[in-house]
Amino acid sequence: MDPATKARDLRRMKSLATGLLLVAALVFLASRWWESADGPTWISYVRATAEAAMVGALADWFAVTALFRRPLGLPIPHTAIIPTKKDMIGDSLGDFVGENFLSEAVVRDKLARVEVSQRVGAWIGQPANADRVTAELATAARGVVTVLRDEDVQEVIDQVLVRKLMERPVGPPLGTVLEGILSDQSHHRLVDLVIDRAYDWVSQNQEMVLRVVHERAPSWSPRFVDDMIADRVFLEVQTFAWAVKTDPQHPLRLAVDRYLDEFAADLQSDPETIERAEKIKQQIVGHPDVQKFIGGAWGVVKGLILDAAADPSSALRVRVRDGLLSLGQRLSSDDALRAKLDGWLADAAGYVVRHYRAEITTLITDTVSRWDAEETSRKVELQVGRDLQFIRINGTVVGALAGLAIYAVSQVLFG
């Protein structure tokens, strides 16, 4: 219910409880007058019942009122408990939450019973939910990219990435990367491509070989002799290129491997090679076209992100969606993966609870301490006051019944 509705209900319940007290008082006065005027015997029972009802109603009114304010404004000890003990209540509430809800054992047990990874997997494994998450991620990406100032991002690229690149020698990391590529023999595909293109070029350029031989031959050499030499040279070159192309263990291929191995080692340890790599790096980075590319790099990346995020059929969004569906299916079927993710989540939650429980509970205590005492009392009364009025009503009824029973027993025993 909204605060206005709660306030109306509280006023209605207060009126009802106070009305019962007034009814009991009127009944008491009327029965006491009738009793003093030699009324019937049973009127004394009514008087005793009404008297006890008033006592019960007044006692419970005092108890309920003492929680929120001083009854009748009198400075009675241990009244206005909530306003005067507000900070102590906040501290106690913080300690209670910390001990019973933020203990590591409780958090780990709750996470284990919730089975977060299985629920997440089942949820994102549904296409509709994967589409929804993808759309939300795209919206978040657009928001982040839009909020970022272009000049700030470009400054980060210029001052951090480019500067770090210029400060650190490029030779050793390149040598390490090249060494890893050579150890995996991944470079053989590139070597094969170059050799294939070289063989194709030789095969397609016989006329060029003939022309070179004719141009370099002596003027006195007969034409047919030049043609024979040119054909022979072309055949030898083509045969050599074919041998290199078809023989994985050809000496030229092995020589290329040895050269690359030595070059990778020199990039990491040879000062002269490292210095040459640095000069090449300086030339590349300082080239006007490269500088222009660096200057507009963020604009290009920003445009790509915005376009991909706005288009539901873009490759980026499709891959994100497919990745979410694949993750959901794996989480639903792979027990080991679920156990690993749940373990990471439990460890992370345990770390947070161990190191930051005091800060979390301080949020409660600090918030309560900043509240105004009277305002706090009004807020609490608005939330629970309606139910507390039932205590007054019950006190009136129970008091009346108890008074009637006590008076009846006393009449039986001593009347």
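Definitions and cut-offs
- Residues numbered from 1 in each chain as written.
- Predicted model: local features only at pLDDT ≥ 70, side-chain atom pairs only at ≥ 80, totals over all residues.
- Heavy atoms only, no water.
- Phe/Tyr/Trp six-rings, centres within 6.5 Å; stacked < 30°, edge-to-face > 60°.
- Helix = DSSP H or I, 4+ residues; strand = E, 2+ residues; numbered from the N terminus.
- 1 Å grid on protein atoms, 1.4 Å probe; cavity = no way out; pocket = protein on both sides within 12 Å on 5 of 7 lines; lining within 4 Å.
- Points joined across faces, edges and corners; volume = space filled by probe spheres on them.
- Nonpolar A, V, L, I, M, F, W, Y, C, P; charged D, E, K, R; others polar.
- Axes fitted to C-alpha atoms, helices over the stretch in contact; angles between N-to-C directions.
- Parallel < 35°, antiparallel > 145°, perpendicular 65-115°, else oblique.
- Contact = heavy atoms within 4.5 Å.
- Salt bridge = Lys/Arg side-chain N within 4 Å of Asp/Glu carboxyl O.
- Buried < 20%, exposed > 50% of the residue type's maximum accessible area, 1.4 Å probe, protein only.
- Core = buried A, V, L, I, M, F, W, Y, C linked by side-chain atoms within 4.5 Å.
- Patch = residues over 30% accessible without salt bridge, like charges linked within 9 Å, V, L, I, M, F, W, Y side chains within 5 Å.
- Areas by Shrake-Rupley, 256 points an atom, 1.4 Å probe, with all protein chains shown as cover.
- Lys, Arg positive; Asp, Glu negative; His and termini not counted.
- Charge placed at Lys NZ, Arg CZ, Asp CG, Glu CD.
- Polar contact = N/O pair within 3.5 Å; in protein donor to acceptor, adjacent residues only side chain to side chain.
- Expected span 1.5 Å × (residues − 1).
- Arc of directions from axis to C-beta.
- Left-handed = near helix turned anticlockwise from the far one by under 90°.

**So, the packing of aromatic side chains**
Taken as a whole and assessed by the stated rule, the structure comprises five aromatic pairs. Where Trp 34 meets Trp 42, the ring centres are 5.5 Å apart and the plane angle is 80°; that geometry is what we call edge-to-face. Taking 5.4 Å as the distance between ring centres and 55° as the angle between the ring planes, the aromatic pair formed by Tyr 199 and Trp 242 counts as tilted. Of the two residues, Tyr 199 is situated in helix α10 (residues 188–204) and Trp 242 in helix α12 (residues 223–246); the sequence distance between them amounts to 43 residues.

**Considering the layout of surface pockets**
Each pocket or cavity is described by its volume, and for the largest pocket that value is around 180 Å³. If you go around the largest pocket, the residues you meet are Gln 185, His 188, Val 191, Asp 192, Lys 245, Thr 246, Asp 247, Pro 248, Gln 249, Arg 253, Leu 254 and Asp 257. Among the elements of the structure, α10, α12 and α13 (251–269) are those that each provide at least two residues to the lining of the largest pocket. Residues belonging to the lining of the largest pocket are distributed by class as follows: three nonpolar, four polar and five charged. Considered as a void within the structure, the second largest pocket measures approximately 160 Å³ in volume. If you trace the second largest pocket, you find it lined by His 187, Leu 190, Val 191, Val 194, Ile 195, Leu 252, Val 256 and Leu 260. Within the residue set of the lining of the second largest pocket, elements represented by two or more residues are α10 and α13. When residues of the lining of the second largest pocket are assigned to their parent elements, the largest contribution, four residues, is made by α10.

**Examining the packing of α13 against helix α14 (residues 271–286)**
With their axes 6 Å apart at the nearest point, α13 and α14 run at an angle of 85° to one another. Looking at the two axes, α13 sits roughly perpendicular to α14. Along the contact surface, α13 presents Phe 263, Asp 266, Leu 267, Gln 268 and Ser 269, while α14 presents Pro 271, Thr 273, Ile 274 and Ala 277. When the residues that make up the contact of α13 with α14 are grouped by side-chain class, the tally is five nonpolar, three polar and one charged.

**Notes on the pattern of salt bridges**
A complete count under the given rule lists 13 salt bridges for this structure. Between Arg 354 and Glu 104 there is a salt bridge, with the nearest N and O atoms lying 2.9 Å from each other. Remark: Glu 104 occurs in helix α5 (residues 104–114) and Arg 354 occurs in helix α18 (residues 335–370); sequence separation between them is 250 residues. Measuring nitrogen to oxygen at the nearest pair gives 2.9 Å for the salt bridge that ties Asp 109 to Arg 113. Taken together, the positions of Asp 109 and Arg 113, both in helix α5 and four residues apart, correspond to about one turn of that helix. Classification of Asp 109 as partly exposed rests on a relative accessible area of 40%. Here the salt bridges share partners, and the residues they tie into one network are Arg 32, Glu 35, Arg 47 and Glu 51.

**A look at the nonpolar core**
Counting residues in hydrophobic clusters, the biggest one holds eight residues: Leu 21, Ala 24, Phe 28, Ala 50, Ala 53, Met 54, Ala 57 and Ala 400. For this core, the secondary structure elements donating two or more residues are α1 (3–36) and α2 (43–68). Among the elements that line this core, the one with the most residues is α2, at four residues. When sequence neighbours within four positions are dropped, the list of residues in contact with Met 54 reads Leu 21, Ala 24, Ala 25 and Phe 28.

**Concerning a negative patch on the surface**
A cluster of acidic residues, Glu 179, Asp 261, Glu 262 and Asp 266, forms a negative patch on the protein surface. If you tally residues by element for the negative patch, the top one is α13, at three residues. We classify Asp 266 as partly exposed; its relative accessible area is 30%.

**As for the side chain of Thr 273**
Relative to the assigned elements, Thr 273 resides in helix α14. Note on Thr 273: relative accessible area 13%, which makes it buried. For Thr 273, the side chain forms a polar contact with the side chain of Asp 270, separated by 2.6 Å.

**Looking at a nonpolar patch on the surface**
A cluster of nonpolar side chains, Val 23, Val 27, Trp 33, Trp 34, Trp 42 and Val 46, forms an exposed patch at the surface whose accessible area comes to about 610 Å². Broken down by element, the residue count for the nonpolar patch peaks at four residues, all from α1. One can find Val 46 in helix α2. The partly exposed category is assigned to Val 46, whose relative accessible area is 30%.

**Describing α13**
Look at α13: 27 Å from first C-alpha to last across 19 residues, which is about the 27 Å you get at 1.5 Å a residue. Restricting attention to buried positions, one finds in α13 the residues Arg 253, Asp 257, Leu 260, Ala 264 and Leu 267. One side of α13 holds all its buried residues, which, seen down the axis, span an arc of 95°. Within α13, the exposed residues directed more than 90 degrees away from the buried face are Pro 251, Tyr 259 and Ser 269.

**Comments concerning the environment of Trp 123**
Mapped onto the secondary structure, Trp 123 falls in helix α6 (residues 116–124). Classification of Trp 123 by relative accessible area gives partly exposed; the value is 36%. Distance from Trp 123 to Leu 72, taken between C-alpha atoms, is 58 Å for residues 51 residues apart in sequence. Beyond its immediate chain neighbours, meaning those up to four positions away, Trp 123 contacts Asn 129, Arg 132 and Val 133.

**Here's the deal with the packing of helix α7 (residues 127–147) against helix α17 (residues 315–333)**
The contact between α7 and α17 brings their axes to 9 Å, and the two run at 135°. Overall, the two elements α7 and α17 adopt an arrangement that is oblique. Crossing angle aside, the handedness with which α7 passes α17 is right-handed. On α17, the residues that touch Pro 127, Ala 130, Asp 131, Val 133, Thr 134, Ala 135, Leu 137, Ala 138 and Arg 142 of α7 are Arg 317, Val 320, Arg 321, Leu 324 and Leu 325. When the residues that make up the contact of α7 with α17 are grouped by side-chain class, the tally is nine nonpolar, one polar and four charged.

Any functional reading would require information that these geometric values do not contain.
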